[in-house]
Amino acid sequence: MAKKKKKEKETTIEDFYDLKSDEMDELVAALKGDVDESKAEPLPTNIEEITGEHVNAKPGSKKAEFDPYRKDKLSAVPTWIKAIFVKWWFAGLVCFLFIFGVRLDPLDAAFVCGFVLGIVTDVLVNPIFHYFESDRKEYDAYMMFPFPFKKYWTFLTNILYYLIVMAGVFGCYFGINALCNYYSGADIRTYLGVEPLLFGTFAVIIDMIFIGIKDLIVYLVKKAKRNKEVADV
């Protein structure tokens, strides 16, 4: 009885690992380049034929045919627009949650917003950029610390950096209101209040100014290094 069970088990395993000789021959021939492409059957592109899912579209139309190289509408949007929008949206969200949601005095608000935006950038914004970028690293020009790996020091530096950015943002508000008070000759009053849209705009402008300075320094350093290597040769 035990021998019979063992035999059945071995037969099952053999069936499971049974190699299809015809498919293996085709694979070997394709790797060797012995396949005549003119006689090869074209691969099906009809979505209904491939997936079995019913597509309410005329056969041969774009909706009915599968195209692995088809670009979606989002990919047609320039990189700089997508990067600026993501940074602007998250900055406005931080303003909405921590200035509108929690009533703080200006100094505390600047600290809290900078602290939170640094965390959001390290945890959400930069990983989003790394996810969508290609091998050309086109989103690196929109990050202060464009490192693909997660380290504790990037977490801390992003917080410190965005505390500086928030100081610039609130400085813009204070400066504009001070100028309005100066030219109006009136007592101290608030002409420009904090709200998410303008807050996000100020944050992106100041952020990109700092990132632009960083990118310029990196470019000049790399250029000087290349010139030195050429001179040494």
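Residues numbered from 1 in each chain as written. Predicted model: local features only at pLDDT ≥ 70, side-chain atom pairs only at ≥ 80, totals over all residues. Heavy atoms only, no water.

Chemist: Break down the overall build of the chain for me, with residues and values.
Modeler: Regarding its fold elements, the chain presents 7 helices and 0 strands. Written out in order from the N terminus, the α and β elements of the chain read α-α-α-α-α-α-α. Put simply, the chain has 233 residues, and 24% of those count as buried. Of the contacts formed within the chain by residues at least 6 apart in sequence, a portion of 60% connects residues at least 24 apart. Working note: accessible area of the chain is about 17700 Å², and carbon and sulfur atoms make up 65% of it. (Helix = DSSP H or I, 4+ residues; strand = E, 2+ residues; numbered from the N terminus. Buried < 20%, exposed > 50% of the residue type's maximum accessible area, 1.4 Å probe, protein only. Contact = heavy atoms within 4.5 Å. Areas by Shrake-Rupley, 256 points an atom, 1.4 Å probe, with all protein chains shown as cover.)

Chemist: An account of the packing of aromatic side chains is requested, with residue identities and associated values reported.
Modeler: Summed over all chains, the structure comprises 13 aromatic pairs. Seen in terms of ring centroids, Phe147 and Trp153 are 5.0 Å apart; in terms of plane orientation they differ by 65°. Their pairing is edge-to-face. For Phe147, a relative accessible area of 33% puts it in the partly exposed group. Taking the relative accessible area as the measure of exposure, Trp153 reaches 40% and is therefore partly exposed. Between Phe170 and Phe199, the aromatic rings sit 6.1 Å apart at their centres with planes inclined by 75°, giving edge-to-face as the arrangement. (Phe/Tyr/Trp six-rings, centres within 6.5 Å; stacked < 30°, edge-to-face > 60°.)

Chemist: So what about unusual backbone geometry? Which residues, and what values?
Modeler: Even without a glycine there, the phi angle at Lys137 is positive, about 55°. Considering the arrangement of structural elements, one finds Lys137 in the loop between helix H5 (106–132) and helix H6 (152–184).

Chemist: Now, about the side chain of Glu133: what can you tell me, with residues and values included?
Modeler: Along the chain, Glu133 turns up in the loop between H5 and H6. One polar contact links Glu133 to His130, side chain to side chain, over a distance of 3.0 Å. Non-local contacts of Glu133, meaning those with residues more than four positions away in its chain, are made with Glu138, Tyr139 and Asp140. (Polar contact = N/O pair within 3.5 Å; in protein donor to acceptor, adjacent residues only side chain to side chain.)

Chemist: Can you explain the confidence of the model for the chain? Please cite residues and give values.
Modeler: For the chain, per-residue confidence averages 79 on the pLDDT scale, and 67% of positions sit at 70 or higher. Across the chain, helix H4 (residues 79–100) holds the top mean pLDDT of 93, while helix H1 (residues 2–16) sits lowest at 49. Counted against residues more than four places away or in other chains, residues 1–10, with its pLDDT under 50, gives 0 contacts. (pLDDT = per-residue confidence, 0-100.)

Chemist: Could you give an account of a nonpolar patch on the surface, with specific residues and numbers?
Modeler: A cluster of nonpolar residues, Ile164, Ile205, Ile209, Phe210, Ile213, Ile217 and Val221, forms a patch on the protein surface that exposes about 630 Å² of accessible area. No other element matches helix H7 (residues 196–232), which puts 6 residues into the nonpolar patch. Tracing the backbone shows Ile164 in helix H6. (Patch = residues over 30% accessible without salt bridge, like charges linked within 9 Å, V, L, I, M, F, W, Y side chains within 5 Å. Salt bridge = Lys/Arg side-chain N within 4 Å of Asp/Glu carboxyl O.)

Chemist: Could you give me a rundown of the pattern of salt bridges, with the residues and numbers involved?
Modeler: Where charged atoms from two side chains of opposite charge come close, those side chains can pair. Under the definition given, this model contains 3 salt bridges. Across the pair Lys137 and Glu133 runs a salt bridge, and its minimum N-O distance is 3.6 Å. Owing to a relative accessible area of 12%, Glu133 belongs among the buried residues under this scheme.

Chemist: Would you mind going over the packing of H5 against H6 in detail, with residue names and values included?
Modeler: Where H5 meets H6, the closest approach of the two axes is 7 Å, and the angle between their N-to-C directions is 135°. Looking at the two axes, H5 sits oblique to H6. Crossing of H5 against H6: the hand is right-handed. Tallied by class, the residues present in the contact of H5 with H6 amount to 16 nonpolar, 6 polar and 1 charged. (Axes fitted to C-alpha atoms, helices over the stretch in contact; angles between N-to-C directions. Parallel < 35°, antiparallel > 145°, perpendicular 65-115°, else oblique. Left-handed = near helix turned anticlockwise from the far one by under 90°. Nonpolar A, V, L, I, M, F, W, Y, C, P; charged D, E, K, R; others polar.)

Chemist: Outline H7, listing residues and values.
Modeler: With 37 residues, H7 ought to run about 54 Å at 1.5 Å a step, and its terminal C-alpha atoms sit 53 Å apart, in line with that. When we look at burial in H7, the residues that qualify are Pro196, Phe199, Gly200, Phe202, Ala203, Val204, Ile206, Asp207, Ile211 and Lys214. Turning to H7, the residues buried within the fold contact H4, H5 and H6. The N-cap residue of H7 is Glu195: its side-chain oxygen and the backbone nitrogen of Leu197 are 2.9 Å apart. (Expected span 1.5 Å × (residues − 1).)

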